[in-house]
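What the coordinates show
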Amino acid sequence: MNKPSILVMNAGSSSIKTALFDGALSELLRIEATGIGGAGQLEVAGKKHSLHMPDNAAALANIFETLEQHSITLDTLDGVAHRVVHGGTTLTQIQRITPEVRDEIATCIPLAPLHNPHHLAAIDAMSAAAPDLPQFASFDTAFHATIPPIAHRFALPDHPKLNGVRRYGFHGTSYASVVRTLPEQTQTLPARLLAMHLGNGASLCAILDGRSVATTMGYSPLSGLTMGTRAGEIDAGAVLRLVRMFGVDEADHLLHNASGLLGLSGLSADMRTLEAAQTPDAQFAIDHFCYWIARQAGSLVSAMGGVDAIAFTGGIGENSALIRNAITDHLQWLGSIPTYVVPTQEELYIAREAQTLI
Ligand code: ADP
């Protein structure tokens, strides 16, 4: 094995995914802990085995142990780079994690309560395990820092308490990676690119001359498209009604975990399962997903004044010709637009960004 250089880490609520790269940015090893707190699984270089991990600390300990088994000691690495969901309005580029940057990530917890605390826990565990190892943070919101105020501001009054209540956008690392790798297929980057990241979470991004100018996700990753379990676009008036009917916590659960493809189909959040099911409800969920992508696509095309190419990425975007065709059928009215499938390489992108700072 070449000398390991950068460990990319994506710590979520029930999973911690890592990818190890050498100095030439070749991927050496992937270790993923999933189902933390439940029916856990540790996947090492593609091989899965069941392993109960009560919490993220236990999962991280298993990841460190697996690295040791591969004769990789943290101290010999050049750095660890974390994917961090929310960087707010100030953290708009990759950062070396200093105490100040750590504080800033903590300040963004109210903006991403389901994500940033887990990133911070992983950063702190890493500091404890290898105090001298440089750590970096790459932000999912960063690519959208170029969205102009007219697109990111809600029509709310100017009030100090409303500071920070604006559209941010997510999946930024994925879109940045599309911008970097699409020219391998197109030679030059299309000027007006409509990018679609379609996975469990899903969004669209209008990319004008390589920069994000609009996206379907907003203040939180809940808005925009119909997703695996998230409702996507929903009238604020309807949200207020849900909160009055069920209370905040139940409404929160409904919107985040029980809606989207799962809620519509009554069957599954997983597109593969829905495609195979052939039931009317599963078909309706698929149709809803594609219809709303096309509806929102119209809005983003308008933000760019037209479109020159469409790029699909994410688990559904990369693998489902059925969904890609259904979406492009809806968009026939745009004329003949070249479409591309671009495998997402988020970890590689983060490693490359971190390397520029090492
Ligand atoms: P995440 O957003 O959690 O990273 P992924 O990008 O891996 O998720 O996407 C997961 C989704 O991709 C699931 O709905 C899964 O069913 C779907 N998917 C993966 N492969 C296929 C396929 N061959 N056909 C249709 N859907 C697929």
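Note that the structure is predicted; figures quoted are calculated from it, not measured.

Glancing now at the pattern of salt bridges. Applying the stated rule across the entire model yields seven salt bridges. Salt-bridge contacts for Glu32 lead to Arg30; the nearest nitrogen and oxygen are separated by 3.6 Å. The buried category is assigned to Glu32, whose relative accessible area is 17%. Ionic pairing is found between Arg192 and Asp308, a salt bridge with its closest N-O pair at 2.8 Å. Residue Arg192 is found in strand S9 (residues 192-198), and its partner Asp308 is found in the loop between helix H11 (280-304) and strand S12 (309-313); the two are separated by 116 residues along the sequence. Shared partners join several salt bridges into a network, and the residues in it are Glu27, Arg30, Glu32 and Glu347.

With that out of the way, let us pick up the sheet that holds S9. What the five strands build is an open sheet, ordered S11-S10-S9-S12-S13; its pairing is mixed. The open sheet has two edge strands with one neighbour each: strand S11 (211-215) and strand S13 (339-341). Pairwise comparison of adjacent strand axes, ignoring direction, gives a mean angle of 25 degrees for this sheet. Where S12 meets S13, three bridges bridge the pair, whose relative direction is parallel. Within the sheet, the bridge partner assigned to Ala311 lies in S13 and is Tyr340.

In this structure, Leu194, Met196, Leu198, Phe289 and Ile327 are the most contacted members of the largest nonpolar core, which totals 40 residues. Elements with a minimum of two residues in this core: S9, strand S10 (202-208), S11, helix H10 (271-277), H11, S12 and helix H13 (321-330). For this core, the leading source of residues is H11, giving eleven residues. Excluding its chain neighbours within four sequence positions, the residues that come into contact with Ile327 are Met196, Leu198, Cys290, Ile293 and Phe312.

Turning our attention to the site of the ligand. The ligand sits among Gly199, Asn200, Gly201, Asp270, Met271, Arg272, Glu275, Gly314, Gly315, Ile316, Asn319 and Ser320. Note that an oxygen atom of the ligand is positioned 2.8 Å from one of the side-chain N or O atoms of Asn200. Taking Gly315, its main chain carries an N or O atom lying 2.8 Å from an oxygen atom of the ligand. Across the complex, the protein chains shield 70% of the 580 Å² of accessible surface that the ligand would expose by itself. Those elements that provide at least two residues to the shell around the ligand are H10 and helix H12 (314-319). With four residues, the top contributor of residues to the shell around the ligand is H12.

Rules used in this analysis
- Residues numbered from 1 in each chain as written.
- Predicted model: local features only at pLDDT ≥ 70, side-chain atom pairs only at ≥ 80, totals over all residues.
- Heavy atoms only, no water.
- Salt bridge = Lys/Arg side-chain N within 4 Å of Asp/Glu carboxyl O.
- Buried < 20%, exposed > 50% of the residue type's maximum accessible area, 1.4 Å probe, protein only.
- Helix = DSSP H or I, 4+ residues; strand = E, 2+ residues; numbered from the N terminus.
- Pairing = 2+ DSSP bridges.
- Axes fitted to C-alpha atoms, helices over the stretch in contact; angles between N-to-C directions.
- Core = buried A, V, L, I, M, F, W, Y, C linked by side-chain atoms within 4.5 Å.
- Contact = heavy atoms within 4.5 Å.
- Near = heavy atom within 4 Å.
- Polar contact = N/O pair within 3.5 Å; in protein donor to acceptor, adjacent residues only side chain to side chain.
- Areas by Shrake-Rupley, 256 points an atom, 1.4 Å probe, with all protein chains shown as cover.

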